[in-house]
Amino acid sequence: MGVRGELFTTEVYLDNRSYFFNVKENRTGDVFLQVVESKNRDGADPDRHQIAVFAEDMQKFLQGLELSLAFIEKDKKEKAKIRSAKKAEKAKKIYRVKDDSKKADDKGVKKTGRLHVISKRNTESENSENQE
C-alpha cells in the first residue's frame with residue numbers, strides 16, 4: 001500500500017489535462033476510486049478537481065456513466081444525420097441564368113448577367129401558376 005493509501009493508480013494524459021484514476025483504501029478499510037483531473041493553466045498552478053466513488057456505489061456510478069456515454073453516441077449520430085440532410089438539401093437548389101427575353105417575369109429583379117439562385121419552392125409555384 002502506498003503512502004496515501006493507494007492500492008492502484010493509472011494516468012491518462014491529454015493535451016492540457018491529465019486524469020488520474022486512483023484506487024485507495026481509507027483508515028477504516030473502505031476501498032474507493034478517486035478520479036482527479038489536473039488542468040494546466042498558462043504559467044499558474046494547475047487546476048485540480050477530484051471525486052471519490054466508494055466500492056458499494058460503483059455499480060450505480062458505472063450505470064450512470066454508461067447511460068451518459070450512450071446518450072453522447074446517440075446525439076452524435078443524430079447531429080451527423082442532420083448535417084448530411086442539410087448538405088443534401090443544399091444540393092437540391094435549382095440554378096438558372098436569367099435572360100433578357102422574359103421581361104414580363106422580371107418582377108423588379110435587376111439583371112446583372114450573373115447566375116441567380118432560385119429556390120425549388122419558387123419554381124414549383126411558377127409551374128402551378130403556368131398550368132392554370
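Small disclaimer: the values here were computed from a predicted structure and weren't measured.

Draft legend 1. A look at the overall build of the protein chain. On a plain count of helices and strands, the protein chain comes out with two helices and six strands. Ordered by position from N to C terminus, the α and β elements of the protein chain give β-β-β-β-α-β-β-α. In the protein chain, which comprises 132 residues, the proportion classed as buried is 12%. Nonlocal contacts in the protein chain, meaning residues at least 24 apart in sequence, comprise 11% of its contacts between residues at least 6 apart.

Draft legend 2. Molecular detail of the side chain of asparagine 22. Tracing the backbone through its elements, the reader meets asparagine 22 in strand S2 (residues 17-25). A distance of 3.3 Å separates the side chain of asparagine 22 from the side chain of threonine 9, its partner in a polar contact.

Draft legend 3. Structural context of the pairing of strand S3 (residues 31-39). Most of S3 sits out of view: seven of its nine residues are buried. As paired strands, S2 and S3 are joined by nine bridges and run antiparallel to one another. Among the inter-strand pairings, tyrosine 19 is bridged to a residue of S3, identified as glutamate 37. In this structure, the hairpin formed by S2 and S3 is closed by a connection of five residues, where glycine 29 is found at a positive phi of approximately 95°. Direction of pairing for S3 relative to strand S4 (residues 47-54): antiparallel, over a ladder of eight bridges.

Draft legend 4. Structural view of the pattern of salt bridges. Considering all chains together, one arrives at two salt bridges under this definition. One salt bridge connects aspartate 75 with lysine 79, and the closest N-O pair in it is separated by 3.5 Å. On the criterion of helical spacing, the pair formed by aspartate 75 and lysine 79 is a turn pair, its members being four residues apart in helix H1 (residues 58-91).

Draft legend 5. Quick peek at the packing of aromatic side chains. Taken as a whole and judged by the stated rule, the model has two aromatic pairs. Ring centres of tyrosine 13 and phenylalanine 20 lie 6.3 Å apart, and the angle between their planes is 90°; on these two criteria the pair is classed as edge-to-face. A relative accessible area of 57% places tyrosine 13 in the exposed class.

Draft legend 6. Representation of the pairing of S2 in the model. Relative to S2, strand S1 (residues 6-13) is paired through seven bridges, and the arrangement is antiparallel. By the bridge assignment for S2, phenylalanine 8 is matched with valine 23. Once S1 ends, the chain turns through three residues before running back antiparallel as S2.

Draft legend 7. Inspection of the sheet that holds S2 at higher detail. Here we have four strands laid out as an open sheet, ordered S1-S2-S3-S4, and antiparallel in their pairing. Strands with a single pairing partner mark the edges of an open sheet, and in this sheet they are S1 and S4. Across the sheet, the axes of successive neighbouring strands diverge by a mean angle of 15°, strand direction being ignored.

Scoring rules and cut-offs
Residues numbered from 1 in each chain as written. Predicted model: local features only at pLDDT ≥ 70, side-chain atom pairs only at ≥ 80, totals over all residues. Heavy atoms only, no water. Helix = DSSP H or I, 4+ residues; strand = E, 2+ residues; numbered from the N terminus. Buried < 20%, exposed > 50% of the residue type's maximum accessible area, 1.4 Å probe, protein only. Contact = heavy atoms within 4.5 Å. Polar contact = N/O pair within 3.5 Å; in protein donor to acceptor, adjacent residues only side chain to side chain. Pairing = 2+ DSSP bridges. Salt bridge = Lys/Arg side-chain N within 4 Å of Asp/Glu carboxyl O. Phe/Tyr/Trp six-rings, centres within 6.5 Å; stacked < 30°, edge-to-face > 60°. Axes fitted to C-alpha atoms, helices over the stretch in contact; angles between N-to-C directions.

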